[in-house]
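# Fold and geometry: a report
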Amino acid sequence: MVKGIGIDAVDIEEMRRLCADMDGSFVRRTFTAAERTQVAGRHDPAQVLAGKFAVKEAAFKALAQHTEEGFDLRIVETLEDSDGAPHITLAGRMAPVLEEAGVTELLVSITNERGLAMAVVLAQ
């Protein structure tokens, strides 16, 4: 059963500006250590981080009507599997949020087009 859906778009150039210092406060307070590690060797880390940021915002939108409080964006951790497909880590600090919302699965899709990174999250 669908519990919520969220969508978000992020300007890649703006993310590039915000992530100019990959060790800076914006990156550290927004992305998990695993996310930062996974993008470290990428050709365009800002483009990948823009997609991950869009996922965080879309997940918040998908879950907002089911949770009592907002949440730290770092609890929405988006990693790629061995095939490169994105998935949201459901364990750790995310688990209680999902339990409160009655959600057992988050499906995610990310795309980049014309300077934007866009993501859709479906909560089931």
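Residues numbered from 1 in each chain as written. Predicted model: local features only at pLDDT ≥ 70, side-chain atom pairs only at ≥ 80, totals over all residues. Heavy atoms only, no water.

What follows is about helix α4 (residues 45–63). In this model α4 runs 27 Å from its N-terminal to its C-terminal C-alpha over 19 residues, within 8% of the 27 Å that 1.5 Å per residue would give. Burial within α4 is extensive, with 15 of its 19 residues counted as buried. (Helix = DSSP H or I, 4+ residues; strand = E, 2+ residues; numbered from the N terminus. Expected span 1.5 Å × (residues − 1). Buried < 20%, exposed > 50% of the residue type's maximum accessible area, 1.4 Å probe, protein only.)

Taken as a whole and assessed by the stated rule, the structure comprises 2 aromatic pairs. Ring centres of F26 and F31 lie 6.3 Å apart, and the angle between their planes is 80 degrees; this geometry places the pair in the edge-to-face category. Each member of the pair F26 and F31 is classed as buried. Ring centres of F26 and F53 lie 6.2 Å apart, and the angle between their planes is 45 degrees; on these two criteria the pair is classed as tilted. Of the two residues, F26 sits in helix α2 (residues 25–30) while F53 sits in helix α4, which places them 27 residues apart along the sequence. Overall, the relative accessible area of 16% leaves F53 in the buried class. (Phe/Tyr/Trp six-rings, centres within 6.5 Å; stacked < 30°, edge-to-face > 60°.)

Take the pairing of strand β1 (residues 4–11) next. Only one face of β1 is buried: it carries G4, G6, D8 and V10, and the other face, with I5, I7, A9 and D11, is open. Pairing of β1 with strand β5 (residues 116–123) involves 8 bridges; the strand directions are antiparallel. Bridging across to β5, G6 finds its partner in V121. (Pairing = 2+ DSSP bridges.)

One can find K52 in helix α4. Exposure remark for K52: the relative accessible area of 1% places this residue in the buried category. In terms of polar contacts, K52 uses its side chain to reach the side chain of E80, at 2.8 Å. (Polar contact = N/O pair within 3.5 Å; in protein donor to acceptor, adjacent residues only side chain to side chain.)

Within helix α5 (residues 94–101) the residues assigned to the buried category are M94, V97, L98 and A101. Projected down its long axis, α5 carries its buried residues within an arc of 95 degrees, all on one side. Where the residues of α5 are buried, they touch α4 and β4 (106–113). Backbone geometry just after α5 places G102 at a positive phi near 70 degrees. (Arc of directions from axis to C-beta. Contact = heavy atoms within 4.5 Å.)

With that settled, the discussion passes to the environment of L18. Note on placement: L18 falls in helix α1 (residues 12–18). Counting along the chain gives 28 residues from L18 to A46, while the straight-line C-alpha distance between them is 8.6 Å. With residues near it in sequence (within four places) discarded, L18 still touches F26 and V27.

Turning our eyes to something else, we now look at the nonpolar core. Grouped together as the largest cluster of nonpolar side chains are 32 residues, with contacts concentrated most on M15, L63, I88, L106 and V121. For this core, the secondary structure elements donating two or more residues are α1, α2, α4, α5, β4 and β5. Element by element, the count of residues in this core is highest for α4, at 10 residues. Excluding anything up to four places from it in sequence, V121 contacts G4, I5, G6, V55, A58, A59, A62, I88, L106, L107 and V108. (Core = buried A, V, L, I, M, F, W, Y, C linked by side-chain atoms within 4.5 Å.)

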